[in-house]
Amino acid sequence: MANEEDEKQTMKAEADRLLFAYLEATEEYMRLKSELEDVMKQGYLGISKARYTMGVAFVSDLQYDTEMTALATVDTDIKDGCNVYQTVRKQACRTPSKENTKTAEPSEQSGVRKRRSDKNESDEKVEDNLVSGHVEEVEPVDKNPTIHDPLRWFGVLVPSSLRSAQGSFINAADRCSELASLQNRCQSLQQQYVQLLPQIC
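Residues numbered from 1 in each chain as written. Predicted model: local features only at pLDDT ≥ 70, side-chain atom pairs only at ≥ 80, totals over all residues. Heavy atoms only, no water.

## Re the nonpolar core
Right, so step 1: Grouped together as the largest cluster of nonpolar side chains are 15 residues, with contacts concentrated most on A25, L36, L189 and L196.
Right, so step 2: When contributions to this core are tallied by element, the ones reaching two or more residues are α1 (2–54) and α5 (160–200).
Right, so step 3: Setting aside residues up to four positions removed in sequence, A25 forms contacts with L182, R185, C186 and L189.
Right, so step 4: Judged by nonpolar contacts, the second largest core, of seven residues, contains A50, V59, V158 and L162. (Core = buried A, V, L, I, M, F, W, Y, C linked by side-chain atoms within 4.5 Å. Buried < 20%, exposed > 50% of the residue type's maximum accessible area, 1.4 Å probe, protein only. Helix = DSSP H or I, 4+ residues; strand = E, 2+ residues; numbered from the N terminus. Contact = heavy atoms within 4.5 Å.)

See below:
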């Protein structure tokens, strides 16, 4: 009889621990959600100020890079029986992209068109190599291309409001990972508490 009472007291203490942990995780979740709302507001406000300063046409999706690459990825891990998410960031190059710094060809500047031949230079080079028996080494494709800072899509000298908006959205992405992890933790604690509750009632 005493063993049953001790076991029941242990279960009650475990239920109390789960309940307190659930309440703490919920409080932390609400705090992070409020912070997420604040940084998102700051980000959108910064974009609005940048559009007012530079003009709507200069801050829009028309400036997006056609070969954009994600600067952040999400890693998944398992901790205490639930998924935990973490944002991993890549270092972006601060120099402008080649598309923005590309200058016009001399033939285009002078207004003279260059006649296009039926065979391009690469085809002629392949035929010459086949005749001579010479084999050229193929240059390996760069699997890690340079990632340019998205701010450079909108020009070199961008207003400080656009830079602060970028920082706000970076913080928002980090908050989203933390919120997803906390939500999984809350669900795990709730399931454990619900499974333990019938045994102590």
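## Quick look at the side chain of S177
Right, so step 1: Summarising the element assignment, S177 is placed in helix α5.
Right, so step 2: Classification of S177 by relative accessible area gives buried; the value is 8%.
Right, so step 3: In this structure S177 touches V74, Y85, Q86 and T87, once residues within four positions along its chain are discounted.

## Side note on the pattern of salt bridges
Right, so step 1: Under the criterion given, the structure shown has five salt bridges.
Right, so step 2: In this structure, R31 engages E35 in a salt bridge whose closest nitrogen and oxygen atoms are separated by 2.5 Å. Remark: E35 and R31 occur in helix α1; sequence separation between them is four residues, near one turn of the helix.
Right, so step 3: Among the residues examined, R31 registers a relative accessible area of 39% and is labelled partly exposed.
Right, so step 4: Note that R175 is salt-bridged to E35, the shortest N-O span being 2.9 Å. Taken as a pair, R175 in helix α5 and E35 in helix α1 lie far apart in primary sequence, 140 residues in all.
Right, so step 5: By relative accessible area, which is 21% here, R175 ends up partly exposed.
Right, so step 6: The structure contains a network of salt bridges with shared partners spanning E28, R31, E35 and R175. (Salt bridge = Lys/Arg side-chain N within 4 Å of Asp/Glu carboxyl O.)

## Observations regarding the pairing of strand β1 (residues 72–79)
Right, so step 1: Burial runs low along β1: only zero of the eight residues are buried.
Right, so step 2: As paired strands, β1 and strand β2 (residues 82–89) are joined by eight bridges and run antiparallel to one another. Bridge pairing links T76 to Y85 in β2.
Right, so step 3: In this structure, the hairpin formed by β1 and β2 is closed by a connection of two residues, where D80 is found at a positive phi of approximately 55°. (Pairing = 2+ DSSP bridges.)

## Details of the packing of aromatic side chains
Right, so step 1: Counting across every chain of the model gives two aromatic pairs.
Right, so step 2: With a centroid separation of 5.3 Å and an interplanar angle of 75°, the aromatic rings of Y44 and F169 are classed as edge-to-face. On the criterion of sequence distance, the pair formed by Y44 in helix α1 and F169 in helix α5 is long-range, its members being 125 residues apart.
Right, so step 3: Judged by its relative accessible area of 26%, F169 is partly exposed.
Right, so step 4: Taken together, a centroid distance of 5.8 Å and an interplanar angle of 55° make the contact between Y64 and W153 tilted. In this pair, Y64 is assigned in the loop between α1 and β1 and W153 in the loop between α4 (121–132) and α5, connecting sequence segments 89 residues apart.
Right, so step 5: According to the relative accessible area criterion, W153 is buried, its value standing at 18%. (Phe/Tyr/Trp six-rings, centres within 6.5 Å; stacked < 30°, edge-to-face > 60°.)

## Some details on the confidence of the model for the protein
Right, so step 1: Averaged over every residue, the pLDDT of the protein is 77; the share at 70 or more is 71%.
Right, so step 2: In the predicted structure, residues 97–111 sits below a pLDDT of 50 and forms eight contacts with residues beyond four places in sequence or in another chain. (pLDDT = per-residue confidence, 0-100.)

## What to know about a nonpolar patch on the surface
Right, so step 1: Where nonpolar side chains cluster on the molecular surface, the patch consists of L19, F20 and L23 and spans about 290 Å² of accessible area.
Right, so step 2: Classification of F20 by relative accessible area gives exposed; the value is 54%. (Patch = residues over 30% accessible without salt bridge, like charges linked within 9 Å, V, L, I, M, F, W, Y side chains within 5 Å. Areas by Shrake-Rupley, 256 points an atom, 1.4 Å probe, with all protein chains shown as cover.)

## Side note on a negative patch on the surface
Right, so step 1: Taken together, the side chains of E4, E5, D6 and E7 define an acidic patch exposed on the protein surface.
Right, so step 2: Following the sequence through the fold, D6 ends up in helix α1.
Right, so step 3: Judged by relative accessible area, D6 falls into the partly exposed class, the value being 48%. (Lys, Arg positive; Asp, Glu negative; His and termini not counted. Charge placed at Lys NZ, Arg CZ, Asp CG, Glu CD.)

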